[in-house]
Amino acid sequence: MGMGAEARKLIAQRAAREVTYGMMVNLGIGIPTLVADFIPNSLDVMSHTENGILGMGGSPEQGKEDGNLSNAGGYPVTIQSGASFFDSAEAFGMVRRGHLDLTILGALEVSGRGDIANWIVPGKRVPGMGGAIDLAQKAKKVIVLMSHTTKDGQPKIVKECSLPLTVKEGAHMIITERAVMRIDQGELFLLEVMPGYSVEDVLGATEADVNVDHVGRRTS
């Protein structure tokens, strides 16, 4: 069974805490899109989209959507003061030159050493891999937001990814509805346990080996 709206919101709120002053940030499709709603304006962050916006804001109020403003996933957005617009070639040039401080992506699987599989399930049709490979390779920090398990309860944080890889050893952090984890030099560390779960709940739903020596207090 998929995650509810409150769990998705909790993940997005926690991810927003990783955003610091003056960053250029790219938010992927799915849960990462929600992060924009929780980044304080005081941080002076510029959100980047592959379809050509620098200075994307959060979601518009219902009924106030602008059909000319959307993120890379096609969902309506707002813009910040000082925003700029450009074509996709310019947007990807920013990515490939390493100008992004942070990218926040969704994923289908992540291995314990940070391999990311997020663009295709074999046998299912998709329009393409989008910017996932460039983003995961070139951003200075990569955070993965996803459900901890599949709809049938299988771990998504695994020893080895079974799906086609987007990038090897690209993830620096994983945030799910159960936990916050950091990947450092190929090792997976449990940092925080989300409300309603225990360390045992996290370990029981994780296939990869997890170091729990650094686990702190639960996320509020």
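Up top you'll find the structure we're talking about.
Remember, it's a predicted structure, so these values are computed and weren't measured experimentally.

Caption draft 1: Spatial organisation of the sheet that holds strand β8 (residues 142-145). The sheet built from nine strands is open, its strands ordered β4-β3-β2-β1-β5-β8-β10-β11-β12 with mixed pairing. Strands with a single pairing partner mark the edges of an open sheet, and in this sheet they are β4 (79-85) and β12 (187-193). The average angle at which neighbouring strand axes cross in this sheet is 25 degrees, direction not considered. Where strand β3 (residues 53-56) lies against β4, three bridges are found, and the strand directions are antiparallel. Bridging from a neighbouring strand, isoleucine 53 pairs with phenylalanine 85 of β4.

Caption draft 2: Geometry of the nonpolar core. The biggest cluster of nonpolar side chains holds 29 residues, and the ones touching the most others in it are Val110, Ile174 and Met181. Of all the secondary structure elements, the ones that give two or more residues to this core are α3 (88-96), α4 (132-138), β8, β11 (179-184) and β12. Setting aside anything within four residues of it in sequence, one finds isoleucine 174 in contact with Val110, Val144, Met146, Ile157, Ala179, Val180, Met181, Ile183 and Leu188.

Caption draft 3: Region of interest: the environment of valine 215. Of note, valine 215 is situated in the segment after α5 (199-204). When the C-alpha atoms of valine 215 and alanine 179 are compared, they prove to be 9.8 Å apart, with 36 residues separating the residues in sequence. Apart from the residues within four sequence positions on either side, valine 215 is in contact with Leu190, Leu191, Glu192 and Val193.

Caption draft 4: Spatial organisation of the sheet that holds strand β7 (residues 116-117). The three strands are arranged β7-β6-β9 in an open sheet whose pairing can be described as mixed. The open sheet is flanked by β7 and β9 (157-158), the only strands paired with a single partner. As paired strands, strand β6 (residues 109-111) and β9 are joined by two bridges and run parallel to one another. Note that in β9 the partner of valine 110 across the bridge is isoleucine 157.

Caption draft 5: View of the packing of aromatic side chains. Considering all chains together, one arrives at zero aromatic pairs under this definition. A cation sits over an aromatic face here: arginine 182 above phenylalanine 189, 4.8 Å from the ring centre.

Caption draft 6: Region of the structure containing the side chain of aspartate 134. Among the structural elements, aspartate 134 can be located in helix α4. The exposure class assigned to aspartate 134 is buried, which follows from its relative accessible area of 16%. Excluding residues that lie within four positions of it along the chain, aspartate 134 makes contacts with Phe92, Val95, Arg96 and Ala139.

Caption draft 7: Molecular detail of the environment of leucine 105. Relative to the helices and strands, leucine 105 resides in strand β5 (residues 102-106). Since its relative accessible area comes to 4%, leucine 105 is described here as buried. Those residues in contact with leucine 105 that sit more than four places away from it in its chain are Pro32, Asn118, Leu135, Ala136, Val142, Ile143, Val144 and Leu145.

Quick notes on the rules
Residues numbered from 1 in each chain as written. Predicted model: local features only at pLDDT ≥ 70, side-chain atom pairs only at ≥ 80, totals over all residues. Heavy atoms only, no water. Pairing = 2+ DSSP bridges. Helix = DSSP H or I, 4+ residues; strand = E, 2+ residues; numbered from the N terminus. Axes fitted to C-alpha atoms, helices over the stretch in contact; angles between N-to-C directions. Core = buried A, V, L, I, M, F, W, Y, C linked by side-chain atoms within 4.5 Å. Buried < 20%, exposed > 50% of the residue type's maximum accessible area, 1.4 Å probe, protein only. Contact = heavy atoms within 4.5 Å. Phe/Tyr/Trp six-rings, centres within 6.5 Å; stacked < 30°, edge-to-face > 60°. Lys NZ or Arg CZ within 6 Å of the ring centre and 35° of its normal.

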